[in-house]
Amino acid sequence: MAHRPRTAALHWTRLSDEALLQLRLCDLPVSIDRSALKPHIRRLYAELERRGIRFRPHVWLGEEWFSPDGVPGIAVPFYLAHPRLEKLERRIMRTVEGGNSRWLMRILRHEAGHALDNAYRLRRRRCWREVFGPASRPYPSRYRARPGSRRYVHHLGEWYAQAHPTEDFAETFAVWLKPHSDWRRSYADWPAFEKLQLVEELMRSVRGERAPVRNRERVEPIDANTRTLAQHYRRKLARHHHYRRGLADDMLHKLFSEERAHANTMRASTLLRAHKSALVAAVADELGTPLYSVHQVLRLLIERSEALTLYVRGKRREAARDARATLARITRLYAAGETPHLPL
C-alpha cells in the first residue's frame, strides 16, 4: 500500500508558541468572515438598525482595537479571529481584551461611537464641543481618574471616559446604544445625564441620514503587515510594560493566586463581590472617603481579578481581611491623585 508523503510543516494552529511567533501577521490565514467575530459585528449592526441609524462601520483586522480619526470604521485585534491566537495572546499578555462575548460587544459599541463620530463629523458641532470638550485637546499618555465623579458614564471600566473628550463621547454613546439600556433611570441624578441626552439628540438628527464621510479605508490592516508575531509582541510588551506591572495588578497577584488549588477554590472576583458591602463600608469609614468612590475602586479590582483569572489563596476569612487592606491602599492612592497604570 502506498503511503502519503509526510507534510513538511504542521498546520499553523498546531505549531508551538515559539514557532507561531515566527510567522508574519500578513501570513496568518484568518479573516473576520471565518471567525466568531462575524456574528458579533452583525449584532452591532442590528443594534444600530433598531435605533434607526443607517451607518454601518466597516471592520478589519489590525494589531489593536482602534478607530482612526477621519475613518468611519473599526480595527479589531487579529487574535480575536482564531482561538489559537487568543491562547497565544493570553499567554503573553495574561489577558485577552474582548475575549468573551459581553466584553467584545462593549468594546464594539465603544469603537462604533468613534466611527459614527467620524462618519457624521459630530465633533465639529458646537453642542458636542460644549458638552464633551474640544476633540483637539492633546491625548494624554496617562490620566488621573476621579472615581467619585458623576460627570462621566461607566462602560468599559477604569473610568475611561475621563481620558479625553472623544473617549467621553464614545463611552456615552455605548451606554446609550446598549439594548434595554436603563440610562434614564441609572443616570437620572448625575451630571452625565446631560451627555446622554445630547447623544440622544444627535442620534435623532442623523437617524435615517446617509453619512457624509463614507470612505472604506483600512488603517494598518494585518494583511499588509510584514511584522512577525514576535516583533508585534516585543513592541506591545514594551508599550504596555508599565501597564502589565501596574500597581493594582501586582497587588492582586500578591493577594490571590493564578493557580486553582482544587475544584472548590473560590474565584477572587466572587470573594470580592460576596464581601462588597462590608469592604466598601469599612474602607470608607477608615479613610473618610465617600462610599461611591470606594465602590468604584472595588469595581476595578473585581474586573481585574476576572481578567487575570485569579483564585483565593488560603482561608477565605484571611483573604477577605487582606482584600480590605489592598482596597484601602489603592483607594488612598486614588484619593491622593495618583492613578495606577492599568490596561485600557
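Structure first, text after, so check above.
So, here's what we can say about the structure. (Residues numbered from 1 in each chain as written. Predicted model: local features only at pLDDT ≥ 70, side-chain atom pairs only at ≥ 80, totals over all residues. Heavy atoms only, no water.)

**Structural notes on the overall build of the chain**
Phase 1 of the analysis: Secondary structure summary: the chain contains 14 helices and 2 strands in total.
Phase 2 of the analysis: Carbon and sulfur atoms form 48% of the exposed surface of the chain, whose accessible area is close to 17,900 Å². (Helix = DSSP H or I, 4+ residues; strand = E, 2+ residues; numbered from the N terminus. Areas by Shrake-Rupley, 256 points an atom, 1.4 Å probe, with all protein chains shown as cover.)

**Some thoughts on the nonpolar core**
As a rule of thumb, soluble globular proteins bury nonpolar side chains together.
Phase 1 of the analysis: One finds Phe173 and Met203 to be the most contacted residues of the largest nonpolar core, which totals 64 residues.
Phase 2 of the analysis: Among the elements that make up this core, the one with the highest residue count is helix α4 (residues 101-120) (9 residues).
Phase 3 of the analysis: What methionine 203 contacts, discounting residues up to four positions off in sequence, is Ile53, Leu116, Leu122, Phe173 and Trp176.
Phase 4 of the analysis: Ala268, Leu272, Ala284 and Leu327 belong to the second-largest nonpolar core, a separate cluster that totals 28 residues. (Core = buried A, V, L, I, M, F, W, Y, C linked by side-chain atoms within 4.5 Å. Buried < 20%, exposed > 50% of the residue type's maximum accessible area, 1.4 Å probe, protein only. Contact = heavy atoms within 4.5 Å.)

**As for the packing of helix α12 (residues 276-287) against helix α13 (residues 291-307)**
Phase 1 of the analysis: Relative orientation of the contacting elements α12 and α13 amounts to 125°, with a least axis distance of 9 Å. Classified by the interaxial angle, the pair formed by α12 and α13 is oblique. Here α12 runs over α13; the crossing is right-handed. Here Lys276, Leu279, Val280, Ala281, Val283 and Ala284 of α12 come into contact with α13, specifically with Leu291, Val294, His295 and Leu298. (Axes fitted to C-alpha atoms, helices over the stretch in contact; angles between N-to-C directions. Parallel < 35°, antiparallel > 145°, perpendicular 65-115°, else oblique. Left-handed = near helix turned anticlockwise from the far one by under 90°.)

**Here we look at the packing of helix α2 (residues 37-50) against α4**
Two numbers describe a pair of packed helices, the interaxial angle and the distance between the axes.
Phase 1 of the analysis: At a minimum axis distance of 10 Å, the contact between α2 and α4 shows a crossing angle of 50°. On the basis of the axis angle, α2 is oblique to α4. Where α2 crosses over α4, the handedness of that crossing is right-handed. Contact residues: Leu37, His40, Ile41, Arg43, Leu44 and Glu47 in α2; Ser101, Leu104, Met105, Leu108, Arg109 and Ala112 in α4.
Phase 2 of the analysis: Along the lines of polarity and charge, the residues of the contact of α2 with α4 split into 7 nonpolar, 2 polar and 3 charged. (Nonpolar A, V, L, I, M, F, W, Y, C, P; charged D, E, K, R; others polar.)

**Here we look at the packing of aromatic side chains**
Between two aromatic rings, the relevant description is the distance of the centres plus the angle of the planes.
Phase 1 of the analysis: Going through the model one piece at a time under the given rule, you end up with 10 aromatic pairs.
Phase 2 of the analysis: Aromatic side chains phenylalanine 55 and tyrosine 120 sit 6.3 Å apart centroid to centroid with 75° between the ring planes, which places their arrangement in the edge-to-face category. Linking phenylalanine 55 in the loop between α2 and β1 (58-62) with tyrosine 120 in helix α4, this pair joins segments that are 65 residues apart in sequence.
Phase 3 of the analysis: For tyrosine 120, a relative accessible area of 6% puts it in the buried group.
Phase 4 of the analysis: Centroid distance tyrosine 187 to tryptophan 190: 4.8 Å. Interplanar angle 80°. Geometry classified as edge-to-face. No difference in accessibility class separates tyrosine 187 from tryptophan 190, as the two residues are buried.
Phase 5 of the analysis: An aromatic cluster of at least three residues, connected via ring pairs, comprises Trp128, Phe132, Phe169, Phe173 and Trp176.
Phase 6 of the analysis: Sitting over the ring of tryptophan 176, arginine 51 keeps its end group 4.1 Å from the ring centre.
Phase 7 of the analysis: Lysine 195 extends its terminal NZ or CZ atom over the ring of tyrosine 152, reaching a point 4.1 Å from the ring centre. (Phe/Tyr/Trp six-rings, centres within 6.5 Å; stacked < 30°, edge-to-face > 60°. Lys NZ or Arg CZ within 6 Å of the ring centre and 35° of its normal.)

**Focus: the pattern of salt bridges**
Phase 1 of the analysis: Under the defined criterion, the tally for this structure stands at 22 salt bridges.
Phase 2 of the analysis: Of the charged contacts, one joins glutamate 64 and lysine 236 as a salt bridge, the two residues approaching to 3.7 Å between their closest N and O atoms. Of this pair, glutamate 64 sits in the loop between β1 and β2 (73-77) while lysine 236 sits in helix α9 (residues 229-244), and the two are 172 residues apart along the sequence.
Phase 3 of the analysis: Overall, the relative accessible area of 5% leaves lysine 236 in the buried class.
Phase 4 of the analysis: Between arginine 204 and glutamate 200 there is a salt bridge; the shortest N-O distance is 3.6 Å. Taken together, the residues span about one helical turn, with arginine 204 and glutamate 200 both in helix α8 (residues 193-206) at a distance of 4 residues.
Phase 5 of the analysis: On the accessibility criterion, arginine 204 (48% relative accessible area) is partly exposed.
Phase 6 of the analysis: Judged by its relative accessible area of 15%, glutamate 200 falls in the buried class.
Phase 7 of the analysis: When salt bridges with common partners are traced through the structure, they connect Asp17, Glu18, Arg84 and Arg91 into a single cluster. (Salt bridge = Lys/Arg side-chain N within 4 Å of Asp/Glu carboxyl O.)

**Some remarks on the environment of alanine 307**
Phase 1 of the analysis: Its place among the elements puts alanine 307 in helix α13.
Phase 2 of the analysis: With 213 residues separating them along the chain, alanine 307 and arginine 94 place their C-alpha atoms 8.2 Å apart.
Phase 3 of the analysis: Excluding anything up to four places from it in sequence, alanine 307 contacts Arg90, Arg94 and Thr95.

**A short note on α12**
Phase 1 of the analysis: Look at α12: 16 Å from first C-alpha to last across 12 residues, which is about the 16 Å you get at 1.5 Å a residue.
Phase 2 of the analysis: Once α12 ends, the next one or two residues include glycine 288, with phi positive near 70°. (Expected span 1.5 Å × (residues − 1).)

**Examining the pairing of β2**
Note on strand geometry: in a regular strand, side chains alternate between the two faces of the sheet.
Phase 1 of the analysis: Counting buried positions along β2 yields 5 of 5 residues, so the element is predominantly enclosed.
Phase 2 of the analysis: Summarising the sheet, β1 and β2 pair through 5 bridges and their orientation is parallel. Residue leucine 61 lies in a different strand from β2, and its bridge partner there is valine 76. (Pairing = 2+ DSSP bridges.)

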